[in-house]
Amino acid sequence: MNFCKHLNLKAIEGIIKEIFSTHTHFEEIRNAIFNLLINENMEYTHLYVFQYFDHRIIPGAELCFSKIEYLKIDDRINDNFLSILTNICKSIKEMDCITYEYEYNYRIAKLIENQKSLIRFSFLNDYTDKKLSRKIIEKALVKHSNTIQYFYIYGRLETNVLSSSFVNLKTLYLIGNIYDDKELKWAILKDIFLPSLQTLKASNILNCYLIDLIESSGRQLNEIHCHHHHSSFNNVIDNRRLIQAIYLNCPNLMYIGILYKNENILDFEELLINCQNLKRLEFCYELVQHLSCTVRQSFYTEWDNLFNILIKSPPSLFEFIFTDIEDKPDLESLELFLNNWEGRQPISFTFDTEYLDVNDKLIDLLGRYIEKGVVKKYVYFSFLISDVDLLKIYKAKRDGVTIDYPKEPKPETKATSRTSIWE
């Protein structure tokens, strides 16, 4: 037991209820299990707290939380347990916070203020209509403006917390709500300066606010992803202005994911000319999200025009990803492009799509260019099967070879977060 460093109270509570819920001595068993896990002999670094956790902690047992470095918490946490964490935890570096309730979260704010060096903070989700609790928490983060390097926001900011000299902020995730008042909710991004910003990921944020942010803080950016689930966020002119802001202000850019429109092909050409350090280019395709479901816009890529532009890309660029795409290049366009690519770094294509059209001709064509060293990877992903090379599966079936591949999508993993919030 002493080797255990991660304590997920929600998962353990679920297991206990599943196995012992009908047992006559359920409460005794539950208390005994938690006493085994929460005592002065344990020493945790990661703690996941669920709502209303009400186990009575024996005096002295709380010391096992004194060296917590990662905490996931929501604002429905039991007051007594939150008080214990506030008093005992001083070394939290990463914190994920979910806000549900309407009351002022003074105790969570106090817990935040008590930390010596908070490096990453996330608002993972937000189900409230009243934002008073968010304001309290955001104001508490100002104390750590010099140490926070990673900031994840689901739902708009309620204060100008980012204007408080976040000089070391390296990664900023902004996830907006498509049903918010888009014209006003993110105006708070104007006039902020983040001199150390290296990664910007934004979803459902109006381009005008992203442009302001990129123009003020883009010099160190090496990764940008801007994606929208609604056409009203991004027309051709707005898309052009965003691409222009990127290639005029982000000379160090290496990775980019941005909405692709045929009408902006010349803007993409300028992007490739000006950003000579690019390694990966992700083309995001537009979705329209309704209350009940998400549907694709009917959109088809002018592949010949796009391939003519990609041939002019900087020598460093070799990886292309197409997300939520309806169509794929025909064999003639693809073969011409690969012929023109010969002599460069081997290319990688990834198509994230449910529209699969794998056939012998495609397999044979790619096989030839893989042997030549022109193609490194050419993969289809399906919304039904993730992380699987469907070309490899097709070829194996054609050749009568049995291979194992996952039947269910693999869990999403992030390098800087224990919980995926980007999807």
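All of these numbers come straight from a predicted model, not from anything done at the bench. (Residues numbered from 1 in each chain as written. Predicted model: local features only at pLDDT ≥ 70, side-chain atom pairs only at ≥ 80, totals over all residues. Heavy atoms only, no water.)

Some points on the overall build of the protein
Regarding its fold elements, the protein presents twelve helices and 16 strands. Relative to its 423 residues, the protein shows a buried fraction of 49%. Put simply, of all contacts in the protein between residues at least 6 apart along the chain, 70% involve residues at least 24 apart. (Helix = DSSP H or I, 4+ residues; strand = E, 2+ residues; numbered from the N terminus. Buried < 20%, exposed > 50% of the residue type's maximum accessible area, 1.4 Å probe, protein only. Contact = heavy atoms within 4.5 Å.)

Some thoughts on the nonpolar core
Of all hydrophobic cores here, the largest spans 114 residues; its most connected members are Ile 38, Phe 65, Leu 172 and Leu 174. Non-local contacts of Ile 38, meaning those with residues more than four positions away in its chain, are made with Leu 7, Leu 9, Phe 53, His 55, Ile 57, Ala 61, Cys 64 and Phe 65. (Core = buried A, V, L, I, M, F, W, Y, C linked by side-chain atoms within 4.5 Å.)

Quick look at unusual backbone geometry
Negative phi values dominate among residues other than glycine, just as trans dominates among peptide bonds. Unusually for a residue other than glycine, Asn 204 sits at a positive phi of about 60°. Secondary-structure assignment places Asn 204 in the loop between β8 (199-203) and α6 (207-217).

Looking at the pattern of salt bridges
Two side chains carrying opposite charge are able to pair once their charged atoms lie near each other. Tallying each qualifying case throughout the model produces eleven salt bridges. When the shortest N-O distance is used, the salt bridge between Arg 30 and Glu 13 registers 3.0 Å. With Arg 30 in helix α2 (residues 26-37) and Glu 13 in helix α1 (residues 9-20), this residue pair connects regions lying 17 residues apart in the sequence. In this structure, the salt-bridge partner of Lys 372 is Glu 342, at a minimum N-O distance of 3.8 Å. Of the two residues, Lys 372 sits in the loop between α11 (360-371) and β16 (375-381) while Glu 342 sits in the loop between α10 (331-341) and β15 (347-352), which places them 30 residues apart along the sequence. Through salt bridges with shared partners, one network takes in Glu 13, Lys 17, Arg 30 and Asp 54. (Salt bridge = Lys/Arg side-chain N within 4 Å of Asp/Glu carboxyl O.)

Note that every value here comes from positions in space, so none of it alone points to a role or purpose.
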